[in-house]
Amino acid sequence: MASSHIAIRVLLVLSAVCAAAPEAFDITKLGATGDGKTDSTKAVMDAWTSACAATGGSTLVVPKGDYLVGPLGFTGPCKGPITVQVDGNLLGSNDLAKYNASWIEVTRVDNIVITGTGTLDGQGTAVYSKDCKAMPNTLVLYYVNTATVSGIKLLNSKFFHINIDKSKDVTVKDVTITAPGDVENTDGVHVGDSSNVTITNSTIGTGDDCVSVGSGTAGVTVTGITCGPGQGISVGCLGRYKDEKDVSDVTVRDCVLKGTTNGVRIKSYEDAESVITASHLTFENIRMEDVANPIIIDQYYCPEKVCPGKKSSTSHVVVKDVVFRNITGTSSTPEAVSLLCSENQPCSGVELIDVKVEYAGKNNKTMAVCTNAKGFAKGSIEALACLA
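Computed from a prediction, not measured in an experiment: that's the story for all the values here.

Thresholds applied
- Residues numbered from 1 in each chain as written.
- Predicted model: local features only at pLDDT ≥ 70, side-chain atom pairs only at ≥ 80, totals over all residues.
- Heavy atoms only, no water.
- Phe/Tyr/Trp six-rings, centres within 6.5 Å; stacked < 30°, edge-to-face > 60°.
- Helix = DSSP H or I, 4+ residues; strand = E, 2+ residues; numbered from the N terminus.
- Buried < 20%, exposed > 50% of the residue type's maximum accessible area, 1.4 Å probe, protein only.
- Salt bridge = Lys/Arg side-chain N within 4 Å of Asp/Glu carboxyl O.
- Core = buried A, V, L, I, M, F, W, Y, C linked by side-chain atoms within 4.5 Å.
- Domains from an automatic or database assignment.
- Contact = heavy atoms within 4.5 Å.
- Polar contact = N/O pair within 3.5 Å; in protein donor to acceptor, adjacent residues only side chain to side chain.
- Pairing = 2+ DSSP bridges.
- Disulfide = S-S within 2.5 Å.
- pLDDT = per-residue confidence, 0-100.
- Axes fitted to C-alpha atoms, helices over the stretch in contact; angles between N-to-C directions.

So, about the packing of aromatic side chains. Under the criterion given, the structure shown has five aromatic pairs. Considering the side-chain rings of W48 and F74, the 4.6 Å spacing of their centres and the 10 degrees angle between planes classify their relative orientation as stacked. Of the two residues, W48 is situated in helix α2 (residues 41-53) and F74 in strand β5 (residues 72-75); the sequence distance between them amounts to 26 residues. In this structure, W48 and F74 share a single accessibility class: buried. A ring pair is formed by F159 and F160, whose centres lie 4.8 Å apart and whose planes are at 20 degrees; its orientation type is stacked. By relative accessible area, F160 is classed as buried at 13%.

This brings us to the pattern of salt bridges. If the charged atoms of two oppositely charged side chains come close together, the side chains can form a pair. Per the stated rule, a full pass over the model turns up eight salt bridges. K98 is the salt-bridge partner of D39, the closest N and O atoms lying 3.2 Å from each other. Within this pair, whereas D39 is found in strand β2 (residues 35-39), its partner K98 is found in the loop between β7 (89-92) and β8 (104-107), the two being separated by 59 residues in sequence. Classification of K98 by relative accessible area gives partly exposed; the value is 36%. The salt bridge partner of K166 is D193, with a shortest N-O separation of 3.8 Å. One end of the pair, K166, is in the loop between β14 (162-165) and β15 (168-173); the other, D193, is in the loop between β17 (189-192) and β18 (195-205), and 27 residues separate them in sequence.

What follows concerns the nonpolar core. By size, the foremost hydrophobic cluster in this structure holds 91 residues, and its most contacted members are L139, F283 and F324. Of the domains in this structure, domain 1 (20-199) and domain 2 (209-387) are the two that each give at least three residues to this core. Contact partners of F324, with chain neighbours within four places excluded, come to V264, F283, I295, I297, L339, V350, E351, L352, I353 and V355.

Attention now goes to the side chain of T217. With respect to the helices and strands, T217 occurs in the loop between β19 (211-213) and β20 (218-227). For T217, the side chain forms a polar contact with the main-chain oxygen of G214, separated by 3.1 Å. In contact with T217, not counting residues within four places along its chain, are V191, G192, D193, S194, D246, V247 and S248.

Let's shift gears to the pairing of strand β25 (residues 295-301). With six of seven residues buried, β25 is to be regarded as a mostly interior element. Relative to β25, strand β23 (residues 264-269) is paired through five bridges, and the arrangement is parallel. Residue pairing across strands places I266 opposite I297, the latter belonging to β25. Two strands pair when backbone bridges link them, and β25 and strand β27 (residues 335-340) are joined in this way by four bridges, in the parallel orientation. Looking across to β27, one finds that D298 is bridged to L340.

Assignment of secondary structure puts G122 in the loop between β10 (119-121) and β11 (139-142). The class for G122 is buried, based on a relative accessible area of 2%. As for G122 and G349, which are separated by 227 residues in sequence, their C-alpha atoms are 42 Å apart. Those residues in contact with G122, other than ones at most four positions away along the chain, are G92, N94, W103, T138, L155, N156, S157 and K158.

A word on the state of the cysteines. Joining two cysteines, a disulfide is a covalent bond between their sulfur atoms. A complete count under the given rule lists four disulfides for this structure. Residue C210 pairs covalently with C227 via a disulfide, S to S 2.1 Å. Taking the sign of the S-S torsion, 80 degrees for the link of C210 and C227, the bridge is right-handed. In this pair, C210 sits in the loop between β18 and β19 while C227 sits in strand β20, placing the two residues 17 residues apart along the sequence. We note that C210, like C227, is buried. Here C370 pairs with C386 through a disulfide, and the sulfurs are 1.6 Å apart. Of this pair, C370 sits in strand β29 (residues 367-371) while C386 sits in the segment after β30 (373-378), and the two are 16 residues apart along the sequence. Judged by its relative accessible area of 24%, C370 falls in the partly exposed class.

On to the confidence of the model for the protein chain. Per-residue pLDDT for the protein chain has a mean of 92; in total, 91% of the residues score no lower than 70. Long-range and interchain partners of residues 1-8, a stretch whose pLDDT sits below 50, account for zero contacts in this model, where long-range means more than four residues apart. Considering only residues more than four positions removed or in separate chains, one finds that residues 10-19, a stretch of pLDDT under 50, has zero contacts.

Pairing is parallel across the open sheet formed by 11 strands, whose spatial order is β5-β8-β11-β14-β17-β19-β21-β23-β25-β27-β29. Looking at the sheet topology across the chains shown, the edges are occupied by β5 and β29. Each strand axis lies, on average, 15 degrees off the axis of its neighbour in the sheet, ignoring direction. Bridge count for β14 against β17 is four bridges, and the pairing is parallel. Across the sheet, the residue bridging to D165 is G192, located in β17.

What follows is the structure, given as structure tokens:
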């Protein structure tokens, strides 16, 4: 009798182990060729379809090799959690006519991990000079809940490298993002209309923002980022489009910026289309190394010759409760602090605490410009304590 009970327990354990084992779908077994020339789009999509339909968890495997692929639509909902194991290199096709939107778009998928030692190579260097209004992002998470992107490299995206949109509970960690420093719109990680997002322990160097946080976003933490080249770490642009939503609870800490054209920045359009508030924004424990405009709030941001909307002297974007704490290092511009706020909508609750960034040049002195900014300074270099 005892032996039969033992046998039953053994069978139950074995059944549980077998049920828990995730299925693996290797793209090379479905026709992918890792020569960097043969189009492997169908094989990757076949692997996704099978992985998404599998219950109890599954893994889409990209083994070592170079796989040329066009647009990939990883669409859910799926029947179980999925891991995309990228140990080879996916190469984005430069046939722009194939793209309707992005290159790799994960849509309405819950519980997904994208990881590995491989690379998502957008091959953007071959098309950067082309006059195209819209280029494909490399990796988009759209309506995705509970996701992790880790370990992989992203190289030369045609547009943003990672775009997190309308998603929640997302972690990006231990990634390396690289693009030429003179190509705009190659943001490292952009977050918009999302919540509870963490970007951590990564090295990002592009021609635009290393990290940018857009409207409708709450609960974003950016830590341990080495940024440069690029345009720094930004909240905004805000107010460019109608019906944008508030931004709140963004924390940027323990980061190093090297040779970037901006440091930590909040930017909103001079002629904002939306009435929104950016609040509870904290930038702390940040080291600047020869950074231009290390600390900047710009409510007059307008990169185009003609700003959107009707010309008006009234800002529709409220910026309040902003803390800059323990920011040190060197500035490549005399203006280490620039708080350029609207006369009609002044920035309020701004704190400059232990800000000690000094101009590295010899032909001028360290200075700050604070316009319509209200708050206080404490423990900062005297030349930077310009708040009213």
